[in-house]
Amino acid sequence: MLFYRTLLIFILTIICVSTEEDSLSMTKAERQSLREESRRMFYHAYNAYMDNAYPADELMPLSCKGRWRGVTPSRGDMDDVLGNFSLTLVDSLDMLAIIGDFSEFSRAIKLVIDDVRFDHDIIVSVFETNIRMLGGLLSAHVLATSLKNDVPVLQWYDGELLAMAEDLGKRLLPAFNTSTGIPHGRVNLKHGLRGLADSRETCTACAGTMILEMAALSRLTGNPVFEEKAHKAMDRLWKIRHRTSDLMGTVINIHNGDWVRKDSGVGAGIDSYYEYCLKAYILLGDEKYLARFTRHYNAIMKYISRGPIMLAVHMHRPHLQSRNFMDALLAFWPGLQVLLGDVRPAVETHEMLYQVMQRHTFIPEAFTSDFQVHWGQHPLRPEFLESTYFLHRATGDDHYLRVGKTVLKALQQHTRVPCGYAAVNDVRTRVHEDRMDSFVLAETFKYLYMLFGEDKDLPIKLEDYVLTTEAHFLPLSLATDGKNGSYLSITIDDEDEDKYRKTCPNTASLVAEKVRQPMRQMLGSTAARPPARLRPLNDPRHINALSDMGISVLTLPDGRVQLLYTINTAKSLKDAAEGLTFMKEMFKWNTLSDSENGVVAAGVKVNERILPGGPGHFGKDITGSDRITGNPVAVDPIDACTPIVNKNDIAGKFGMAIRGQCTFAQKVRHIQEAGGTLAIILDNVKDSSHETTALFAMSGDGKDDIEIPAVFLFTLEGEYLKQAIAENPNIVVTIGELKSIKKQHEVGCDNDNCEIITNPAAVESDNASYEHLKKVLGQLVSQIEMSLTNEEPSKTCSEEIQHVQVSKDKFVNEEARSKACTTNCGVEDNDNVKNIMKPDDDF
C-alpha cells in the first residue's frame with residue numbers, strides 16, 4: 001500500500017512539474033551548448049557527405065556511399081531531385097557562411113565552380129532544382145558578395161555563382177513553354193522538353209514556388225525573362241482558383257489549366273504556393289501578392305482549419321472533408337502565420353504538432369486527426385523546426401527552445417549513424433532508411449542552429465533577408481534593386497482588401513503559454529499515449545495513460561516488463577480502441593531486432609573468442625575502428641542499483657554488473673560515478689544467448705549525463721567471460737564494433753564474409769503462436785469496432801481464446817484458463833481476453 005501511495009505522489013509531482021515547465025527559462029549556457037551541438041551535428045553530416053559521397057548529389061548514410069542519378073538503383077520519381085550536380089554541397093553552401101566557417105565556405109564555393117556542370121542529359125524536377133540548386137547558388141552568391149569586404153578569405157569571389165545560376169535558370173525556362181504559362185513539372189537539363197511530350201500535370205506547389213528565386217535571378221542579373229515567366233505562372237494559378245471558396249486544388253493540367261485533383265489543404269502538393277504568395281509580397285513589395293494571400297488565408301481559416309487541426313477539403317465543396325489525415329509538410333504553416341502576424345492560431349497548431357511528435361518521437365509523414373500513424377516515414381524534415389524557430393522569435397518564449405532541444409535529442413539518439421544521419425522508414429519501428437536528403441543540412445540543422453543561437457552569433461542581419469522555402473537567403477533590397485514590373489496585372493475583387501494591406505505582426509498582447517495550456521487539455525496531452533517502442537516503461541505519466549487504455553504494466557522478477565491488455569478496464573471505448581492500436585504497434589516492433597533498426601552490435605574479445613553484445617542507447621558510441629581495452633571487475637552490489645561500494649577496485653577498469661532490479665542507465669551511471677571506464681551488463685535470464693535471442697540495445701531514461709560506453713552480454717556469453725576472469729583475474733578484454741573487431745581478428749572474415757548474428761533462428765512453433773496472436777487481435781478489433789458503431793454482433797460464441805504471451809525471443813501459448821466469445825460477448829464479457837507483451841530490453 002505504501003508503494004502505491006508513493007507512486008501516486010510521484011505522478012502528482014510529475015504533473016505539477018510539467019504544468020510549470022513553461023514558466024522556466026533556458027539558461028544561456030544551455031542554449032549555447034545546444035547551439036554548438038547543432039553545429040557539430042551539421043559537421044557530422046557535412047563531413048560524412050564530403051568524405052564519402054562528393055561530388056554525388058546525396059549521401060547514402062547506411063551504405064556510406066554517394067547517390068548518383070543513373071548509377072545507384074532508381075527510386076522512381078524520388079530521383080527527380082538528382083541531376084549529378086553535387087546537390088547536397090550546393091544546398092549547404094549558405095549554412096557554412098551562417099555558422100561562420102568562411103574558410104570552408106570559400107573552399108566549397110571553389111569546388112562548386114570547378115566541379116559542377118549542368119550540361120547533363122538528365123530529366124529533373126523543375127520545382128526541386130529551383131528551390132535547392134538555383135536557390136542555393138543565389139543565396140551563396142548573395143552572402144559571399146555581402147561578406148567579401150569584411151572577410152579576407154572571400155575577397156577573391158567575383159560573381160561566379162551568379163553566372164552558374166543564370167546558366168541553370170536558362171535550362172529551366174523551357175518548362176514554361178505551355179499555353180497556360182504554368183510550367184512543366186520536369187525538364188531535361190540538356191535538351192529542354194525533349195522526351196516530355198506526354199507531360200500534362202504538375203502540382204500547385206511545383207508551379208507556384210518559382211517566383212522568389214526567379215525574380216531574384218532577374219534582379220541580380222538584369223535579365224527580366226525569369227521573373228516574367230514566374231509572374232505569369234502565379235497569375236494563371238490565381239485565375240484558376242475556385243472563385244466561390246478561394247481555395248486551390250493540388251494537381252493541374254498544365255495545358256488547359258483544368259484541375260486534376262481538387263482536394264485542398266495546406267500540406268503536400270500545395271504548401272509552398274501559399275508560402276510564396278506571402279513571401280513574394282515581402283521580398284518584391286508587390287501588394288497584389290498580399291491581397292491574394294489574404295483571400296487564400298481567410299478561406300483556409302474558414303474551411304480547412306478546425307482549431308489546431310488542418311484537414312483537407314474539396315475546393316469546390318469546401319464544407320466536405322476530402323481525407324481524414326494530415327501530412328508532415330503542413331508543419332510549415334505556423335511559421336507562415338507568424339510572418340503574417342496571426343500568432344495565436346500558430347501557437348495552437350504548433351502545439352498540436354508537438355503532441356504528435358511527443359507521441360511518436362518524430363512527426364510521421366501522415367497522421368490522423370486522433371494522432372495515429374497513417375504513413376510512418378520520417379525523412380528528417382525541417383518544417384516543424386522552421387515553425388518552432390519563427391514562434392520563438394515572435395514570442396521570446398523559451399518553451400520553443402525546449403521543443404527544439406527535444407527534436408535535437410531525438411535526432412541524435414535515433415537517426416545519427418557513423419556516416420551521417422539516416423532517415424526513419426517508420427516512426428513506430430525506427431528502422432533506418434539509406435537516405436539523407438540535402439534539406440537535412442540546408443534546413444533542419446540550419447533552423448536548429450539559428451533557434452539556439454542569437455542574432456549576434458550570425459554574420460548577417462536576419463531582418464535584411466527573406467528565407468525561401470529551402471531556407472536560402474534572399475535580400476529584401478531586391479524590392480528596389482533592378483525592379484521589373486509584373487508581367488500581368490490583375491484586379492483584386494475583394495471589397496475588404498484594404499484592411500489587410502496594413503497588416504503588421506503584433507505579438508505584444510499574446511502570452512503563448514496561456515494559449516498552449518487549453519490546447520493541451522483539448523488535445524489530451526496529459527494522457528497522450530506513449531509511443532509503442534517505449535524506453536523505459538517507468539514514467540508514471542505513461543503508465544497512467546496506458547491504464548486509461550486498459551493496459552497495465554507489470555515488472556517480472558527477472559526485470560522484464562509485461563503489458564497486460566484488458567478491454568473492459570479501459571476508460572472508454574475510444575481509449576480501448578487506442579489501446580488495441582498500441583498493442584498492435586508494440587507487437588510489430590517487438591518482432592524486430594534492434595539490429596534491424598540500425599543498432600550497431602558490439603563485440604567483446606575475450607582471449608581468442610569474440611562475444612556479440614548489445615550497445616547502449618546512452619553514453620559513448622563504439623563504432624568503426626574504435627577499440628577500448630580494460631580489465632573487467634565485478635561491482636558491489638552486483639546489481640549496481642545503488643552506489644558502488646568497491647570504488648577502488650572499479651576505478652579505471654570495466655565495471656561488471658548483473659541485469660535486473662533497476663534500469664540499465666542507472667547501473668551504468670553508478671559504475672561511471674565509481675570511476676569505471678566502461679560498463680558490462682550481464683543477463684539474468686537463465687541460458688540466454690545471442691544464438692537464441694536477438695541482440696538489442698539497452699535503453700536510456702531520458703537523461704544525457706552518461707559518458708562511458710556500455711555493452712550487454714547474454715547469460716552464456718557472460719558465463720564465458722566470468723570463467724575467463726576466474727582463471728585470470730587480470731585478464732584484459734577488448735571491445736569494439738562487432739563487425740570491425742571480427743574482421744580484424746577472425747580468419748576468413750572480410751567485408752563480404754563476416755557473419756554477424758542479429759536474429760536467432762525462428763522456432764518452428766512460433767508460426768502457430770504468431771497466427772494465433774493475429775487471430776486474437778483481429779477478434780478484438782471486430783468487437784471494438786462493433787461497439788463503437790453500436791452494431792449488434794451475431795449470436796455465435798464458440799471459440800476458445802487463450803492468453804497469448806509475446807517475448808522478444810519467442811511466443812508461448814499459455815494454458816487456456818477461460819472460454820471467451822469471439823463475436824457476441826462485446827466489451828463487457830472480455831475480462832479474460834488478454835494479450836501480454838514483454839519488451840525484454842526496457843529494463
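Residues numbered from 1 in each chain as written. Predicted model: local features only at pLDDT ≥ 70, side-chain atom pairs only at ≥ 80, totals over all residues. Heavy atoms only, no water.

- As recorded in an unreviewed UniProt entry, the protein goes by alpha-1,2-Mannosidase and comes from Danaus plexippus plexippus.
- Regarding the protein, the UniProt comment filed under Cofactor (unreviewed entry) reads as follows: "Ca(2+)".
- Word for word, the UniProt comment on the protein under Sequence similarities (unreviewed entry) is "Belongs to the glycosyl hydrolase 47 family." (UniProt positions renumbered as here; feature names shortened; annotations may be inferred.)

Some details on the overall build of the protein
Inference 1: The secondary structure content of the protein amounts to 25 helices and 34 strands.
Inference 2: Expressed as a percentage of its 843 residues, the buried residues of the protein come to 60%.
Inference 3: Of the accessible surface of the protein, which amounts to about 33500 Å², a share of 48% is contributed by carbon and sulfur atoms. (Helix = DSSP H or I, 4+ residues; strand = E, 2+ residues; numbered from the N terminus. Buried < 20%, exposed > 50% of the residue type's maximum accessible area, 1.4 Å probe, protein only. Areas by Shrake-Rupley, 256 points an atom, 1.4 Å probe, with all protein chains shown as cover.)

Quick notes on the sheet that holds strand β7 (residues 259-261)
Inference 1: The antiparallel open sheet is built from three strands, whose spatial order is β5-β6-β7. Looking along the sheet, the strands with just one partner apiece sit at the ends: β5 (201-203) and β7. Strand-to-strand twist of the sheet, defined as the mean angle between neighbouring strand axes without regard to direction, takes the value 35°. (Pairing = 2+ DSSP bridges. Axes fitted to C-alpha atoms, helices over the stretch in contact; angles between N-to-C directions.)

A few points about the UniProt feature "binding site: Ca(2+)" (unreviewed entry) in the protein
Inference 1: Feature annotation in UniProt places "binding site: Ca(2+)" (unreviewed entry) on T469, given in this structure's numbering.
Inference 2: Judged by relative accessible area, T469 falls into the buried class, the value being 14%.
Inference 3: Every residue in contact with T469, bar those within four places of it in the chain, is listed here: I131, T209, S272, E275, Y276 and E443.
Inference 4: At a separation of 2.9 Å, a polar atom in the side chain of T469 contacts the side chain of E275. (Contact = heavy atoms within 4.5 Å. Polar contact = N/O pair within 3.5 Å; in protein donor to acceptor, adjacent residues only side chain to side chain.)

Here's the deal with the sheet that holds strand β13 (residues 325-327)
Inference 1: Pairing in this open sheet of three strands is antiparallel, and the strands run β13-β14-β15 from one edge to the other. Either end of the sheet is taken by a strand with one partner, and the two such strands are β13 and β15 (373-375). Strand-to-strand twist across the sheet, computed as the mean angle between neighbouring axes with direction ignored, equals 30°.
Inference 2: Two elements, strand β14 (residues 366-368) and β15, share two bridges in a ladder whose sense is antiparallel. Note on β15: the bridge partner recorded for F367 is V373.

Topic: the side chain of T129
Inference 1: For T129, the position within the fold is in helix α5 (residues 126-147).
Inference 2: A relative accessible area of 1% means that T129 is categorised as buried.
Inference 3: With residues up to four places along the chain from it excluded, the contact list for T129 reads F85, V124, L134, L168 and L172.

Overview of the pattern of salt bridges
Inference 1: Summed over the entire model, instances satisfying the criterion amount to 32 salt bridges.
Inference 2: Taking the shortest distance from any N to any O, the salt bridge between D167 and R171 comes out at 3.1 Å. Here the residue D167 and the residue R171 both occupy positions in helix α6 (residues 160-172), the gap between them amounting to four residues, near one helical turn.
Inference 3: By relative accessible area, which is 19% here, R171 ends up buried.
Inference 4: Here R261 makes a salt bridge to D263, at a shortest N to O gap of 3.0 Å.
Inference 5: Three or more residues are tied together by salt bridges with common partners; here these are R35, E36, R39, K456 and D457. (Salt bridge = Lys/Arg side-chain N within 4 Å of Asp/Glu carboxyl O.)

Quick word on the environment of A175
Inference 1: Within the secondary structure, A175 is located in the loop between α6 and β4 (186-188).
Inference 2: Judged by relative accessible area, A175 falls into the buried class, the value being 0%.
Inference 3: Distance in space between the C-alpha atoms of A175 and G192 is 7.2 Å, their sequence separation being 17 residues.
Inference 4: For A175, the residues in contact, after removing those within four places along its chain, are V126, I182, P183, H184, V187 and L193.

A look at the state of the cysteines
Inference 1: Summed over all chains, the structure comprises three disulfides.
Inference 2: Across the disulfide, C203 is cross-linked to C206 (sulfur-sulfur distance 2.1 Å). Note on the C203 and C206 pair: the S-S dihedral is about 90°, so by sign convention the disulfide is right-handed.
Inference 3: Linked covalently through their sulfurs, C641 and C662 form a disulfide whose S-S length is 2.1 Å. Judged by the sign of its S-S torsion, about -90°, the bond between C641 and C662 is left-handed. Placement of C641 in the loop between β27 (632-634) and α21 (647-650) and of C662 in the loop between β28 (654-658) and α22 (664-673) is noted, with a sequence separation of 21 residues between them. (Disulfide = S-S within 2.5 Å.)

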